[in-house]
Amino acid sequence: MSSPGGGLPDVNFWAARGALLLKQARHEASMRQQQLAGVCGTSRTTLSAYEHARKSPTLETAGRILDAAGFRLALEPKVEFTGGVPNRLPRLPVGQALGRVRVRERVYDLSVREQRRQAYSALLRDGDSQQLVAYVDEVLLADLWDELDLPAGVRSRWAPVIERARARM
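Sequence positions are assigned chain by chain, starting from 1 and proceeding in written order. The model is predicted, so local features are restricted to residues of pLDDT at least 70 and side-chain atom pairs to those at 80 or more, both for listing and for counting; the totals for chains, interfaces and linings are taken over all residues. Excluded from the side-chain calculations are hydrogens and water; all other atoms, namely the structure's heavy atoms, are used.

**Considerations on the overall build of the protein chain**
Thinking step 1. To qualify as a helix, a DSSP run of H or I must reach at least 4 residues; to qualify as a strand, a run of E must reach at least 2; elements of each kind are numbered from the N terminus. Per the secondary structure count, the protein chain includes 9 helices and 4 strands.
Thinking step 2. Reading the helices (α) and strands (β) of the protein chain from amino to carboxyl end gives α-α-α-α-β-β-α-β-β-α-α-α-α.
Thinking step 3. When we talk radius of gyration, it's over C-alpha atoms, and the globule rule is simply 2.2 Å times the number of residues to the 0.38. What you see for the protein chain is a C-alpha radius of gyration of 20 Å, clearly larger than the 15 Å of a compact globule of 169 residues, by over 25%.
Thinking step 4. Note on exposure labels: buried denotes an accessible area under 20% of the residue type's maximum, exposed denotes more than 50%, and partly exposed covers the range between, all computed with a 1.4 Å probe on protein chains only. Burial analysis of the protein chain (169 residues in total) assigns 35% to the buried set.
Thinking step 5. Considering only residue pairs separated by 6 or more positions, the protein chain has 50% of its internal contacts joining residues 24 or more positions apart.
Thinking step 6. As displayed, the protein chain offers around 10,500 Å² of accessible surface, 52% of which is attributable to carbon and sulfur atoms. Two residues form a contact once any of their heavy atoms are found within 4.5 Å. In this description, accessible areas are obtained by the Shrake-Rupley approach with a 1.4 Å probe, and a residue is regarded as covered only by the protein chains that are shown.

**Points about the packing of aromatic side chains**
Thinking step 1. When two rings of Phe, Tyr or Trp (its six-membered ring) have centres within 6.5 Å they constitute a pair, described as stacked for plane angles under 30 degrees, edge-to-face for angles over 60, and tilted for the intermediate range. Applying the stated criterion across every chain yields a total of 1 aromatic pair.
Thinking step 2. Plain terms: the ring middles of phenylalanine 13 and tryptophan 14 are 4.9 Å apart, the flat faces sit at 80° to each other, and that makes the pair edge-to-face.
Thinking step 3. Given a relative accessible area of 49%, tryptophan 14 falls into the partly exposed group.
Thinking step 4. Two conditions define a charge located above a ring, namely a distance within 6 Å from the ring centre to NZ of Lys or CZ of Arg, and an angle within 35 degrees of the ring normal. It is arginine 155 that lies over the ring of tryptophan 145; its NZ or CZ is 4.6 Å from the centre.

**Some thoughts on the packing of helix α1 (residues 11-28) against helix α3 (residues 44-51)**
Thinking step 1. Relative orientation of the contacting elements α1 and α3 amounts to 120°, with a least axis distance of 7 Å. By the angle between their directions, the pair α1 and α3 is classed as oblique. In contact with Ala19, Leu22, Lys23 and Arg26 of α1, α3 contributes Leu47, Tyr50 and Glu51.
Thinking step 2. Residue classes in the contact of α1 with α3 are distributed as 4 nonpolar, no polar and 3 charged. Between the N-to-C directions of two axes lies an angle of 0 to 180 degrees, each axis being a line fitted to C-alpha atoms and, for a helix, fitted only over the stretch in contact. Just so you know how the angles are binned, under 35 degrees is roughly parallel, over 145 roughly antiparallel, 65 to 115 roughly perpendicular, and the rest oblique. Each residue gets one of three labels, nonpolar for Ala, Val, Leu, Ile, Met, Phe, Trp, Tyr, Cys and Pro, charged for Asp, Glu, Lys and Arg, and polar for the others, Gly among them.

**A look at the pairing of strand β3 (residues 100-103)**
Thinking step 1. On β3, burial follows the alternation: Val101 and Val103 on one face are buried, whereas Arg100 and Arg102 on the facing-out side are not.
Thinking step 2. Two strands make a pair as long as DSSP finds a minimum of two bridges between them. Relative to strand β4 (residues 106-109), β3 runs antiparallel, the two sharing 4 bridges. Residue pairing across strands places valine 101 opposite tyrosine 108, the latter belonging to β4.
Thinking step 3. The turn linking β3 back onto β4 is made up of 2 residues, and arginine 104 within it adopts a positive phi angle of 55°.

**Description of the pattern of salt bridges**
Thinking step 1. Just to be clear on terms, a salt bridge is a Lys or Arg side-chain nitrogen sitting within 4 Å of an Asp or Glu carboxyl oxygen. In the structure shown here, the tally under the stated rule is 10 salt bridges.
Thinking step 2. Between arginine 113 and aspartate 143 there is a salt bridge, and its shortest N-O distance comes to 2.6 Å. You can see arginine 113 sitting in helix α6 (residues 113-126) and its partner aspartate 143 sitting in helix α8 (residues 138-144), a full 30 residues away along the chain.
Thinking step 3. Classification of arginine 113 as partly exposed rests on a relative accessible area of 34%.
Thinking step 4. Residue class for aspartate 143 comes out partly exposed when judged on its relative accessible area of 42%.
Thinking step 5. Here arginine 117 makes a salt bridge to glutamate 114, at a shortest N to O gap of 2.6 Å. One end of the pair, arginine 117, and the other, glutamate 114, are both in helix α6, 3 residues apart, so they sit about a helical turn from each other.
Thinking step 6. In the salt-bridge network here, residues are joined through shared partners; they are Arg113, Asp143 and Glu147.

In structure tokens:
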């Protein structure tokens, strides 16, 4: 989906992502196109064109449609990985940050500090990018950092992430 030179994704990529986002919001709200269009002040045919990427709404219009469906347009930091280590980690919703995670054959309760320490140690050593983003909270990791059982190589690769996290706290 990137441009041929490997740069930013092209316009079609963003149009398709926007279309999917609007359609997903409408479905999550259990609304029909006619209903959502009426609430947000656009026509059903225009909403359909947005949802099928035949037209692209302005940012203001997209925000208005999402708002009418009960969602908000939000800025979220992009997490990129280099050598298995992210440039940053997200702040997770409480239920996710303190939920349960399976690492290898063991299930950890992240609401229990000692289990979270063990889970984070295992995830930083062996977790894949999806697991790291889904279960490792930036602030909770920074708090546990000095207690984690990590090989020196893993610790040194992750140290810049922790330094940035602590600087944001």
